[in-house]
Amino acid sequence: MAKKNLPAILAYFLIAWLLINLIASPNYALTATKTTQVNVSVGDLVPPTAPILIAPENGAYINTNQPDFIFLASTDDNSGIAKYQLFLNGQLYLDNIISSLSTITVTAPSELNQGKHAWYVKAFDNTGNFSFSSTWDFTIDTEPPFIIITEIEETPNLNLSSIDLMTIPPGTTIITHSHRPSFFGRGEPGATIQINLQDKKSYQFITKVGKDGSFVIIPDQNIANDTYEVTIISFDKAGNTTLLPSFTLIVQAAPKFIFSLCWLIVLLLLIIITILSYLYYRERKRNQKYIQTNRQREKDYSWVYCRKTIYLT
């Protein structure tokens with residue numbers, strides 16, 4: 001029985017010995033507690049500020065296939081900026097963009113396709129936090145706009161085209177009998193059409209091509225009869241320009257009488273004077289006739305009276 005309880009007895013004495021030593025040496029326990037240090041490091045959880053896009057501007061039309069992407073740098077007060085990434089049309093386009101400048105410019109390394117593109121920038125700090133800029137879109141258009149004049153007032157079925165310069169041979173002349181000849185044509189939707197008429201007097205008329213690709217320009221003032229050199233220019237949104245070869249326009253319109261208010265007053269006065277003169281003439285004739293009638297009556301009366309007197313005598 002004593003042998004069976006021997007392990008328990010030994011364990012009891014061991015625990016008792018440890019407790020006696022701890023109670024007998026309090027300074028040791030306190031010293032150990034004082035020299036124990038716990039080091040806890042808190043990581044950078046704050047992302048950098050978002051990059052701010054500058055160019056190409058949102059909704060811009062540009063006429064280069066290799067644009068410069070410009071944006072304002074991010075800031076990070078904790079761990080600093082590590083790099084930037086540029087995304088184009090939702091895909092990573094340029095990685096590891098590193099710059100200490102406040103304004104960062106990155107040129108496209110290869111030519112981009114014509115049409116619309118979307119871009120944004122992603123910034124990383126040195127602990128892996130990141131932020132996104134806003135997303136902007138731009139349109140690349142390097143092709144010049146076209147111009148086709150299909151009709152000028154009384155001259156339909158024209159085909160003066162910048163696409164085929166053979167349609168405008170040297171010496172092309174068009175005659176109009178209108179002081180405000182209308183120009184009909186086609187062009188790139190949204191482009192600006194400018195028509196210049198040059199001679200002793202100069203005229204300039206501007207309009208925009210509609211969404212259906214057609215345009216019409218009707219002068220807002222009369223064009224003097226003369227022979228003009230006509231130049232037509234088209235500007236698209238991206239800044240591309242097309243100049244249609246010049247041709248001659250001869251204006252031979254019939255003169256128009258401008259009936260001003262002054263002339264109207266003069267005419268009314270003439271009418272009034274004519275009516276008053278006629279009424280005065282009629283009244284004068286009536287008075288003369290009345291006087292003549294009275295004189296004749298007086299004569300007749302005197303004659304009758306004389307005859308009576310002679311007869312009585």
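The structure displayed is predicted, hence computed values, not measured ones. (Residues numbered from 1 in each chain as written. Predicted model: local features only at pLDDT ≥ 70, side-chain atom pairs only at ≥ 80, totals over all residues. Heavy atoms only, no water.)

Digging into the overall build of the protein chain
In terms of helices and strands, the protein chain carries 3 helices and 18 strands. Within the protein chain, buried positions represent 29% of all 313 residues. Counted over contacts in the protein chain with a minimum sequence separation of 6, partners at least 24 positions apart contribute 64%. (Helix = DSSP H or I, 4+ residues; strand = E, 2+ residues; numbered from the N terminus. Buried < 20%, exposed > 50% of the residue type's maximum accessible area, 1.4 Å probe, protein only. Contact = heavy atoms within 4.5 Å.)

Regarding the sheet that holds strand E17 (residues 226-235)
Across the sheet, 5 strands lie side by side as E12-E18-E17-E14-E15; this open sheet has mixed pairing. For this open sheet the edge positions go to strand E12 (173-176) and strand E15 (202-208), each flanked by a neighbour on one side alone. When strand polarity is set aside, the average angle formed by the axes of neighbouring strands in this sheet is 25°. Bridge count for E17 against strand E18 (residues 241-251) is 9 bridges, and the pairing is antiparallel. (Pairing = 2+ DSSP bridges. Axes fitted to C-alpha atoms, helices over the stretch in contact; angles between N-to-C directions.)

A short note on the side chain of glutamine 85
As for its position among the elements, glutamine 85 is in strand E4 (residues 81-88). Engagement of the side chain of glutamine 85 in a polar contact is seen with the side chain of aspartate 95, the distance being 3.1 Å. Apart from the residues lying within four places of it in its own chain, the contact partners of glutamine 85 are Leu92, Leu94, Asp95, Ile97, Tyr120, Val121, Lys122 and Phe124. (Polar contact = N/O pair within 3.5 Å; in protein donor to acceptor, adjacent residues only side chain to side chain.)

Looking at the side chain of threonine 176
Summarising the element assignment, threonine 176 is placed in strand E12. By relative accessible area, threonine 176 is classed as buried at 0%. Among the polar contacts listed, one links the side chain of threonine 176 to the side chain of glutamate 154, at a separation of 2.9 Å. Each residue touching threonine 176, except ones within four places of it in the same chain, is listed here: Glu153, Glu154, Pro181, Leu249, Ile250, Val251, Gln252 and Ala253.

A closer look at the sheet that holds strand E10 (residues 147-152)
The strand order E11-E10-E13-E16 describes an open sheet built from 4 strands, whose pairing is antiparallel. In this open sheet, the two strands that pair with only one neighbour each are strand E11 (160-161) and strand E16 (214-217). Relative to E16, strand E13 (residues 183-187) is paired through 4 bridges, and the arrangement is antiparallel. Its bridge partner lying in E16, phenylalanine 183 is registered against isoleucine 217.

Considering the nonpolar core
Counting residues in each nonpolar core, the largest one holds 26 residues, and the members touching the most others are Ile149, Leu197 and Ile232. Among the nonpolar cores identified, the runner-up in size contains 18 residues, and Leu53, Phe71, Leu94 and Phe138 belong to it. (Core = buried A, V, L, I, M, F, W, Y, C linked by side-chain atoms within 4.5 Å.)

Here we look at the pattern of salt bridges
In the structure shown here, the tally under the stated rule is 2 salt bridges. For lysine 83, the salt bridge is made with aspartate 95, and the minimal N-O distance between the two is 3.2 Å. In this pair, lysine 83 sits in strand E4 while aspartate 95 sits in strand E5 (residues 91-97), placing the two residues 12 residues apart along the sequence. One salt bridge connects arginine 286 with glutamate 283, and the closest N-O pair in it is separated by 4.0 Å. Highlighted residues: arginine 286 and glutamate 283, both in helix H3 (residues 261-312), separated by 3 residues, approximately one helical turn. (Salt bridge = Lys/Arg side-chain N within 4 Å of Asp/Glu carboxyl O.)

Re the confidence of the model for the protein chain
Per-residue confidence for the protein chain gives a mean pLDDT of 85; residues scoring 70 or more make up 80%. In the model, residues 26-41 has pLDDT below 50 throughout and makes 0 contacts with residues more than four positions away in sequence or in other chains. (pLDDT = per-residue confidence, 0-100.)

Considerations on the packing of aromatic side chains
If you walk through the whole model with that rule in mind, you get 9 aromatic pairs. Seen in terms of ring centroids, phenylalanine 130 and phenylalanine 132 are 5.7 Å apart; in terms of plane orientation they differ by 80°. Their pairing is edge-to-face. For phenylalanine 130, a relative accessible area of 40% corresponds to the partly exposed category. We classify phenylalanine 132 as partly exposed; its relative accessible area is 40%. Ring centres of tyrosine 203 and phenylalanine 205 lie 6.4 Å apart, and the angle between their planes is 10°; this geometry places the pair in the stacked category. The exposure class assigned to tyrosine 203 is buried, which follows from its relative accessible area of 7%. (Phe/Tyr/Trp six-rings, centres within 6.5 Å; stacked < 30°, edge-to-face > 60°.)

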